[in-house]
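Breakdown of the fold
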Amino acid sequence: MNLAKIRGGAGDITKPDLNARIQDNLYLAVNSDWISKAKIPADRPLISSFSEIDLKIEKELMNDLADFASGKKALPDIPNFDKAIEVYKLAKDFAKRDTDGFRPAQADLETLTNLKDVDDVKQNLAKLFLRFSFPFLFEVEPDRKNTKINSLSFDRNSLILPDTTSYQSPSAKQLLDVWQKQTENLLKMAGVEEATAKKYATDAIALDAKIVKVAKSAEERADDVALYNPIKTNEFEEKTSSLNLGQLLDQLFEKKPDYVVVREPKFLDHFNELFDQENFNELKGWLISTFINKAAAFLSEDFRQAAFPFKQATYGQKELPSQEKEAYYKANNLFDDVIGVYYGRTYFGEDAKADVKDMIHRMIDVYEQRISNNDWLSPTTKEKAITKLRALVLKIGYPDKIDHVYDLFQITPAGEGGSLYSNQADIREVGLKHNFDKLYKPVDRSEWYMPGNLINACYDPQRNDITFPAAILEAPFYDIHASRATNYGGIGVVIAHEISHAFDNNGAKYDEFGNMKNWWTKEDFAEFEKRTQAEIDLFDGIKYGPVTLNGKQIVSENIADQGGLTAGIEANKNEHGDMKELFENYARIWASKESPEIIKTIAAFDVHAPGPERVNVQVQCQPEFYKAFNVQEDDGMWLDPAKRVVIW
């Protein structure tokens, strides 16, 4: 084996090696002891640095919600927190959930089973669309060509399997069989005759198979700009006449929009043949099957258990979360922003916020310095890039205000005839209406896309903002008592990663206001695309456990990783930090132990490379890594200079 050609280091990166040297495999050298001792919780498909923080936060919030529900603690002064606790009580009361059985969802199932034909669907479409999941969906969001206004987007809904490519997998038939048996069983538990239940599930799979043929893959959907395809509303109506979506638009909005942004044109082009009278039974089967699988999570313990086999097969999770966790998950899912603000106010210190804010400004300064000193951009493009960089909006910790939608949620307690199922169904309907009501209102740039208790971070190209929830501002990502070098290898790299998204293959096509606009010279963009292709090639074909990485699908995140790590290194240099500490903590934040099932499932649709590869492949492109650990040409972490990629 020629070690000089290895991308990702020597050895099998998915298995611990306590004898691994940093020079041969940075990720394994740093994390093998942790991997060998870490236990994947039975109710999770993996354990990682992210999920270890999540488990800690989960424990804190579960205890808090239980105390609030029992009256041990007085409710905090946070708008709508009382509603979150009421949902928590409904979710936790399994005695009532078990007694109710399927009864809370019975009327909704009958609405669907009573559908006679396509005309029946058309005549009741607005009511049905707000209540149930359809194979297509609408969303109001900032228009990509003019982010001061909102526009209406049209898209297909999720497939049964994770991605179009999943249907070519040897395990596809087995997974679809698990889903079909699960669906049939759930329907029989709901009182549907066995033969009828089998037909509904079979018809649903038949429609799913037809949609797969005209759906974009995860790789194709990774091209964000290609999802923006506005067409005039009258043309959209013609292409969706089989279900009369024009009439639906009339009923959902005060006036029809002038245009609809289509995310998957091929799906739209085949809409009328997918959803006509000839295929009515398949649509009906899809509606009923999707409904019963979603509803089960809000019903009795029997239904919750009966809806588990498919998730178990796709994620490798051994068992369902406990009923106590289930109650927290449901409340957090329906009131995530509210609980996120509570978490931020309770557990996130102002000193940490100030320190992280300082780090963000330092990273922006470093980025400006690197853009100014860039040797492949023209002065014109540099100026535009710095303008965009300086226009970044920072969102740290948790929002100052909670979305108005929570004011609209009305929770009916159990004592007044409410159930977990009925309340979540009503919340879903109110949430959809709230989103649709935004169409003719100005874009609210203060909105957050992530709650304060989520261990994540993001960049929003339409708002040109970066968000760092309070939850990710914990060790190993951030520790106010750790060295700056260690923090630069953690949260510093994460900060610069999100900044880099403003200049990845998607973000590079938006200006400082979030508008889809070309601000590059022709020559500069050609060079950027050349470097982007090199980043694709860098990861493409790497074997990771049971999967092979698709470089094109994960390129945007890899560009952000490359820029983030480079900027973190630069910031650390400026402060004369210990480079070994930076690289070791960078490896530490991506520590993970996963089931084979979840590796396959996530790889099918995720736009991120697996964490271990994010570590090793990216550091192989950094000269400072070779210097810090004296990596030589015959070491496993050596990558030939010609193969190393530098963009930002």
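For the structure, see preceding data.
The sections below set out a description of the structure shown in this document. Just so you know, these numbers come straight off a predicted model, no measurement behind them. (Residues numbered from 1 in each chain as written. Predicted model: local features only at pLDDT ≥ 70, side-chain atom pairs only at ≥ 80, totals over all residues. Heavy atoms only, no water.)

1. Details of the overall build of the protein
Helix and strand content of the protein: 30 helices and 11 strands. For a compact globule of 648 residues, the expected C-alpha radius of gyration is about 26 Å, and the protein comes in at 25 Å, within 12% of that figure. With the C-alpha coordinates of the protein rotated into their principal frame, the extents come out at 70 × 55 × 50 Å. Counting every position in the protein, which comprises 648 residues, the buried fraction comes to 58%. Sequence-distant contacts, at least 24 apart, represent 75% of the contacts inside the protein between residues at least 6 apart. Of the roughly 26900 Å² of accessible surface on the protein, 49% is carried by carbon and sulfur atoms. Distance between charge centroids for the protein: 1 Å, based on 81 positive and 104 negative side chains. (Helix = DSSP H or I, 4+ residues; strand = E, 2+ residues; numbered from the N terminus. Rg over C-alpha atoms; globule rule 2.2 N^0.38 Å. Buried < 20%, exposed > 50% of the residue type's maximum accessible area, 1.4 Å probe, protein only. Contact = heavy atoms within 4.5 Å. Areas by Shrake-Rupley, 256 points an atom, 1.4 Å probe, with all protein chains shown as cover. Lys, Arg positive; Asp, Glu negative; His and termini not counted. Charge placed at Lys NZ, Arg CZ, Asp CG, Glu CD.)

2. Topic: the pairing of strand 8 (residues 465–469)
As a general feature of sheets, a regular strand has side chains that alternate between the two faces. Within strand 8, 5 of the 5 residues are buried, leaving the element largely enclosed by the surrounding structure. When strand 7 (residues 458–460) meets strand 8, the two strands line up antiparallel, connected through 3 bridges. Its bridge partner lying in strand 8, Tyr459 is registered against Ile466. (Pairing = 2+ DSSP bridges.)

3. Some points on unusual backbone geometry
Of note, the bond from Ala475 into Pro476 is cis; its omega dihedral lies within 30 degrees of zero at 5 degrees. One non-glycine residue, His576, lies in the positive phi region at around 55 degrees. Take His576: it is sitting in the loop between helix 26 (555–574) and helix 27 (579–588). Here His576 falls in the exposed class, since its relative accessible area comes to 73%. The residue Asn630 is not glycine, and still its phi comes out positive at about 50 degrees. Locating Asn630 in the fold gives a position in the segment after helix 30 (623–629).

4. Regarding the packing of helix 20 (residues 350–372) against helix 24 (residues 484–500)
At their nearest, the axes of helix 20 and helix 24 sit 10 Å apart, and the two run at 65 degrees to each other. Both helix 20 and helix 24 take part in a crossing whose hand is right-handed. Within the contact between the two elements, helix 20 uses Asp355, Val356, Asp358, Met359, Ile360, Arg362, Met363, Ile364 and Tyr367 and helix 24 uses Arg484, Asn487, Tyr488, Ile491, Gly492, Ile495, Ala496, Ile499 and Ser500. The residue makeup of the contact of helix 20 with helix 24, split by class, is 11 nonpolar, 3 polar and 4 charged. (Axes fitted to C-alpha atoms, helices over the stretch in contact; angles between N-to-C directions. Left-handed = near helix turned anticlockwise from the far one by under 90°. Nonpolar A, V, L, I, M, F, W, Y, C, P; charged D, E, K, R; others polar.)

5. Focus: the side chain of Asn464
One can find Asn464 in the loop between strand 7 and strand 8. Judged by relative accessible area, Asn464 falls into the buried class, the value being 0%. Of the polar contacts made by the side chain of Asn464, one reaches the backbone oxygen of Lys388; its length is 3.2 Å. Here the side chain of Asn464 touches Tyr459 through a polar contact of 2.8 Å, side chain to side chain. With near-sequence residues (within four places) excluded, Asn464 lies in contact with Lys388, Ala391, Leu392, Val393, Tyr459, Ala502 and Glu512. (Polar contact = N/O pair within 3.5 Å; in protein donor to acceptor, adjacent residues only side chain to side chain.)

6. As for the sheet that holds strand 5 (residues 259–262)
Reading across the sheet, the 4 strands line up as 2-3-5-4 and stay open at both edges, with mixed pairing between neighbours. This sheet does not close on itself; its edge strands, each paired only once, are strand 2 (136–142) and strand 4 (229–232). For this sheet the average axis-to-axis angle between neighbouring strands, irrespective of direction, equals 35 degrees. Where strand 4 lies against strand 5, 4 bridges are found, and the strand directions are antiparallel. When the bridges of strand 5 are listed, Ile231 appears paired with Val260. Relative to strand 2, helix 12 (residues 245–252) is tilted by about 45 degrees, and along the sheet it contacts strand 2, strand 3 (150–156) and strand 5.

7. Looking at the sheet that holds strand 8
In spatial order, the strands read 6-8-7; together these 3 strands make up an open sheet with mixed pairing. Where the open sheet ends on each side, the last strands, each with one partner, are strand 6 (393–397) and strand 7. Across the sheet, the mean angle separating the axes of adjacent strands is 15 degrees when strand polarity is ignored. Relative to strand 8, strand 6 is paired through 5 bridges, and the arrangement is parallel. Bridge pairing links Val393 to Asp465 in strand 8.

8. A closer look at the packing of aromatic side chains
In this structure the tally under the stated criterion is 46 aromatic pairs. A centroid spacing of 6.0 Å and a plane angle of 45 degrees characterise the contact between Phe129 and Phe134, whose relative ring orientation is tilted. Comparing Phe129 with Phe134 shows no difference in burial state: the two are buried. Ring centres 6.0 Å apart and planes at 65 degrees place the aromatic pair Phe138 and Phe236 in the edge-to-face group. Residue Phe138 is found in strand 2, and its partner Phe236 is found in helix 11 (residues 233–239); the two are separated by 98 residues along the sequence. Each member of the pair, Phe138 as well as Phe236, is classed as buried. Counting every residue linked through ring pairs, the aromatic cluster contains Phe129, Phe134, Phe136, Phe138, Phe154, Phe236, Phe267, Phe271 and Phe275. Across from the ring centre of Phe94, 4.1 Å away, lies the NZ or CZ of Arg97, which sits over that ring. (Phe/Tyr/Trp six-rings, centres within 6.5 Å; stacked < 30°, edge-to-face > 60°. Lys NZ or Arg CZ within 6 Å of the ring centre and 35° of its normal.)

9. Looking at the packing of helix 8 (residues 172–189) against helix 15 (residues 280–295)
Where helix 8 contacts helix 15, the axes come no closer than 9 Å and their chain directions differ by 80 degrees. In terms of orientation, helix 8 lies roughly perpendicular with respect to helix 15. Of helix 15, the residues touching helix 8 (which contributes Trp179, Gln182, Thr183, Leu186 and Leu187) are Ile288, Ser289, Ile292 and Asn293. Taken together, the residues of the contact of helix 8 with helix 15 sort by class into 5 nonpolar, 4 polar and no charged. (Parallel < 35°, antiparallel > 145°, perpendicular 65-115°, else oblique.)

10. Here we look at helix 25 (residues 522–539)
In a regular helix each residue adds 1.5 Å, so 18 residues correspond to 26 Å; helix 25 covers 26 Å between its end C-alpha atoms and thus fits that length. Of all the residues in helix 25, the buried ones are Asp524, Phe525, Phe528, Thr532, Glu535, Ile536, Leu538 and Phe539. Taken end-on, helix 25 shows its buried residues confined to a sector of 155 degrees, consistent with a single buried face. Within helix 25, the exposed residues directed more than 90 degrees away from the buried face are Lys522, Glu523 and Lys530. (Expected span 1.5 Å × (residues − 1). Arc of directions from axis to C-beta.)

Honestly, it's all geometry; don't read function into it.
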